[in-house]
Amino acid sequence: MIDTKILEQKELEILSGVVWGTIGDHSVSAAAALAAHVNTDLGLLCHSPSAAYEAGLRQFGAAHGKKVVTGSVSTPMNSLVAVCVGAKPVFAPVCEACGMVTPDGLIETLAANTDVCCVTIDYLPEKAEHYPLDQIAEICAANNVPLFLNAGGNFSASFNKKPLTDYAAAVLYSLEEGSEIYTGKGGFLATNDAAVHGGAFAYHNCGRGFGEGITLNIGDIVGGDLRVSEWTAVAAEVILETKAFAAAVPARLEKMEGQPVFESAYAKKMTE
């Protein structure tokens, strides 16, 4: 359990400090600490999991006319956020035992679709003992499609004792209820690819890249304000420093294929 006295002291230091807002010292250092915690090179901390997912999707090219492949049974945000950025969700079959997209199903889905900008798969460590994530990664690489893993609150998840970013272009984590690192809110994108990190950073920061005076030409989109507050960032740091980790709650998956929302006027206007 988190030491509330330490957290309160840290939060008061921010309150009494010179700089408030976003892209402050703690948002940068907390992202670096979280990246180190999951044994990856780079990280982006956003105000929610859906915000971090959106930043990654946009960097992978999700937009009008593009498609995002995800599981027919999956975390709702995998497909709903895709619609919000203009991409059309395409649903691939999942394994009944483990709930994750099957290799054969992924091969068939990619073969039947063009303009796929990424594949988003829920990674469920409690059911992944025999899941062929390495094969899934190879299928995505063979089709030149980035793999985006949604690990939920499972910051300790790995595959074959290797970090998930060894297999995926990006991994999404939640810092919200049910997470091993519960800060109340927040989402985290981990990657070993500097281009993925740089683009996602600019998309989450109103089109501005990391560093003074750096901007990114991203066409018609100027980037969103998906940034995290210093309050959330310092809470993540305190949890990491004091090892006040919680038990991760298994992700709640839903049958998303065939949901009426995808036939709504809004979804069709966004994706067709």
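For the structure, check the block above.
Residues numbered from 1 in each chain as written. Predicted model: local features only at pLDDT ≥ 70, side-chain atom pairs only at ≥ 80, totals over all residues. Heavy atoms only, no water.

Peer 1: Summarise the environment of N144; cite the residues concerned and give the values.
Peer 2: The topology assignment puts N144 in the loop between α6 (133-142) and β6 (147-150). Residue classification places N144 among the exposed positions, given a relative accessible area of 70%. Here the alpha-carbon distance between N144 and C118, two residues 26 residues apart in the chain, equals 9.1 Å. (Helix = DSSP H or I, 4+ residues; strand = E, 2+ residues; numbered from the N terminus. Buried < 20%, exposed > 50% of the residue type's maximum accessible area, 1.4 Å probe, protein only.)

Peer 1: So, the sheet that holds strand β1 (residues 42-46): which residues are in play, and what are the values?
Peer 2: In spatial order, the strands read β1-β8-β7-β6-β5-β2-β4; together these seven strands make up an open sheet with mixed pairing. On the outer flanks of this sheet lie β1 and β4 (88-92), each paired with one strand and no other. Neighbour-to-neighbour, the strand axes of this sheet turn through a mean angle of 25°, independent of strand direction. As judged from the three bridges shared by β6 and strand β7 (residues 170-174), these two strands associate in the parallel manner. Bridged to L149 within β7 is V171. In the packing of helix α3 (residues 49-59) onto the sheet, the strands contacted are β1, β2 (67-71), β5 (116-122), β6, β7 and β8 (187-191), and the crossing angle to β8 comes to about 35°. Where helix α4 (residues 76-84) meets the sheet, its contacts fall on β2, β4, β5, β6 and β7, and the angle it forms with β2 comes to roughly 165°. (Pairing = 2+ DSSP bridges. Axes fitted to C-alpha atoms, helices over the stretch in contact; angles between N-to-C directions. Contact = heavy atoms within 4.5 Å.)

Peer 1: Would you mind going over the packing of helix α2 (residues 25-37) against helix α8 (residues 230-242) in detail, with residue names and values included?
Peer 2: Axis separation between α2 and α8 bottoms out at 8 Å; the angle between their running directions is 40°. Seen along the crossing, α2 lies across α8 with a hand that is left-handed. Between α2 and α8, the residues in contact are D25, H26, S27, S29, A30, A33, L34 and H37 and E230, A233, V234, A236, E237 and L240, respectively. Across the contact of α2 with α8, the residue classes tally to seven nonpolar, four polar and three charged. (Left-handed = near helix turned anticlockwise from the far one by under 90°. Nonpolar A, V, L, I, M, F, W, Y, C, P; charged D, E, K, R; others polar.)

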